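Each chain is listed here by its residues.
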Amino acid sequence: MSLQSHQYTQDNAERAYLVGVAVRGTLPLLSVEESLEELMLLARTAGLEVVGMASQILHRIDPKTFIGMGKLEELKAETEALGVQTILFDDELSPRHQRELETAFGERYKILDRSALILDIFAMHANTREGSLQVELAQYEYLLPRLTRQWTHLERQTGGGAARGGSGGVGLRGPGEKQLEVDRRDILRRISRLKLDLEDVRAHRSRHRVSRLKAGIPVVSVVGYTNAGKSSLMKAMTGADVYVADQLFATLDPTTRKLGLPGGKEILVSDTVGFIQKLPATLVAAFRATLEEIVQSDLILHVVDSAHPNALQHIEAVEDTLAEIEVPPVPQIVVLNKRDLWETAEVEARFRDLDYDQIVVTSARQKRGIDDLLVAIETTLQKRMTPIDVTLPYQAGELIALMHQRGVIETETHLDKGVHIVGHVPPALVDRLLAAGLHPRKEGA
Ligand SMILES: Nc1nc2c(ncn2[C@@H]2O[C@H](COP(=O)(O)OP(=O)(O)OP(=O)(O)O)[C@@H](O)[C@H]2O)c(=O)[nH]1
Ligand SMILES: [Mg+2]
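Because the structure is predicted, anything quoted here is derived from the model rather than measured.

Moving on, we get to unusual backbone geometry. Not every positive phi belongs to a glycine, and Phe66 is a case in point at roughly 70°. Here Phe66 shows up in the loop between strand 3 (48–58) and helix 2 (69–82). Unlike most non-glycine residues, Lys338 shows phi in positive territory, near 65°. Mapped onto the elements, Lys338 comes out in the loop between strand 10 (332–337) and helix 12 (345–350). Of the residues examined, Lys338 has 23 C-beta atoms within 10 Å and is grouped as buried.

As structure tokens, this is what we get:
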């Protein structure tokens, strides 16, 4: 058993105690200690003060109390001595575990799990209407099977309204200061309402997507583990004023910016929500539409905090989530970011076995490697273009300009009947040519 107590700091933050388990015979991505370390960052992001943590190796999860009876008694004594208010489990507790633990610890303690905490952080960070609706939906779906003493208890504490920020505490911050109703039927009604509202918001957004597709501008999605430096990289590439913070899940709502590549072509770069191991299932489900932007993109930039000791596990967790949201085989560039924090060649050696076509090393903070990255984006996108050989009438000036903007022109010859162009253009532009009654012959065809 490893117990460590942290110094009490002088403020009125909620005092939390973290609990992790390792089950013999399972192979989790991170060790229980590494995962608890991550949970501590999540807890701090949510405004909790972590005053201690414990881990236990189990043969199996106890169907009633999650951890063993002996451990439970130990924890009760330890948390009592530390004046703990919240006990935070690193794994998602089943509704039954939640109930049994609440009974075992008694009224004074709040029992939370990693999922509730992540949902809470998302609720704090959602800025757009779609983001807020999605988080609220995920929160209610998570709550529905768990309607227990916990929530009536919390409701009493906050005088009947879920508080944002401080007074009610972590684990019940709803977007828009909405009351977390304790009645199942109310929650079910609320869930259907949220789904309808989301459909509305999304109908709007997909219209935008259609117009973007018509414009034929390639879309590049920036994905990666939370805190990898996605927003910083977006900022370094486009100069966009996006929010950068040493926090988990600083970015929730996607931001898209236009960017000119060195060869003159334009692309759209989208920054989006980060991933983490053990991401709550209700959250992935609720954020599916946001994540669909990734599914629809022409290229994925997978940003990695290359200085993090668990960088390889982070890459795996991101790959798992991409597979979960069924991203088709879109070309991927792995961006090993935070290069400025490397100290030895050993770090470089860690990534030697990475199996990706394109790997670029950057420091978003020092704006290094950005030019290489832009060239890599350009080359990768070009591979996705269609070779063409077409003669356009002189009146088709707009189309010719578009071909210069979006494609790569190898030769352009001015003939009597028009402009003869040989080169590569994005598939969407081929459609435009066909629609204009022009037949772009493929090279060598
Ligand atoms: N040293 C160093 N720090 C960096 C670099 N890039 C980003 N950071 C820092 O890493 C932290 C996270 O950066 P963000 O750009 O917010 O990361 P993100 O991936 O967008 O994070 P989320 O939106 O929270 O998932 C911030 O403190 C950045 O200043 C880098 O190249 N070097
Ligand atoms: Mg971000």
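Still more to cover.
Near ligand 1 there are 24 residues, and of these Gly229, Ser231, Asp246, Thr251 and Gly274 occur at the shortest range. Per-element accounting of the shell around ligand 1 gives the leading share, three residues, to helix 8 (residues 230–238). Per-class residue counts for the shell around ligand 1 are eight nonpolar, eleven polar and five charged.

Taken together, three strands build an open sheet; the order of strands is 12-14-13 and the sheet is antiparallel. Unpaired on one side and paired on the other, strand 12 (386–392) and strand 13 (408–414) mark the two borders of the sheet. The mean angle between the axes of side-by-side strands here comes to 10°, regardless of whether they run parallel or antiparallel. By the bridge criterion, seven bridges tie strand 12 to strand 14 (residues 419–425) in an arrangement that is antiparallel. Looking at strand 14, one finds that Leu392 is bridged to Val419. Docked against the sheet, helix 14 (residues 397–406) engages strand 12, strand 13 and strand 14, running at close to 35° with respect to strand 14.

Taken together, the six strands give an open sheet; going across it, the order is 7-8-6-9-10-11, and neighbouring strands pair in mixed fashion. Edge positions in the open sheet fall to strand 7 (255–260) and strand 11 (358–361), since each of these has one partner strand only. Sheet twist, expressed as the mean angle between neighbouring strand axes with direction ignored, is 25°. As judged from the five bridges shared by strand 6 (residues 219–224) and strand 9 (residues 299–305), these two strands associate in the parallel manner. Of the residues in strand 9, the one forming a bridge with Ser221 is Ile300. On top of the sheet, helix 11 (residues 311–324) reaches strand 6 and strand 9; it is set at about 150° to strand 9, its chief contact.

Remark: helix 14 packs on helix 15 (residues 427–435), axes separated minimally by 11 Å, with the N-to-C direction vectors making an angle of 170°. Taken together, helix 14 and helix 15 sit at an angle that is classed as roughly antiparallel. Counting all contacts with helix 14, which are made through Leu399, Leu402, Met403 and Arg406, the residues of helix 15 involved are Leu429, Arg432 and Leu433. Considered class by class, the residues forming the contact of helix 14 with helix 15 number five nonpolar, no polar and two charged.

Criteria and thresholds
- Residues numbered from 1 in each chain as written.
- Chains lettered and ligands numbered in written order.
- Predicted model: local features only at pLDDT ≥ 70, side-chain atom pairs only at ≥ 80, totals over all residues.
- Helix = DSSP H or I, 4+ residues; strand = E, 2+ residues; numbered from the N terminus.
- Buried ≥ 20, exposed ≤ 12 C-beta atoms within 10 Å, placed from the backbone.
- Near = placed C-beta within 6 Å.
- Nonpolar A, V, L, I, M, F, W, Y, C, P; charged D, E, K, R; others polar.
- Pairing = 2+ DSSP bridges.
- Axes fitted to C-alpha atoms, helices over the stretch in contact; angles between N-to-C directions.
- Contact = placed C-beta atoms within 7 Å.
- Parallel < 35°, antiparallel > 145°, perpendicular 65-115°, else oblique.

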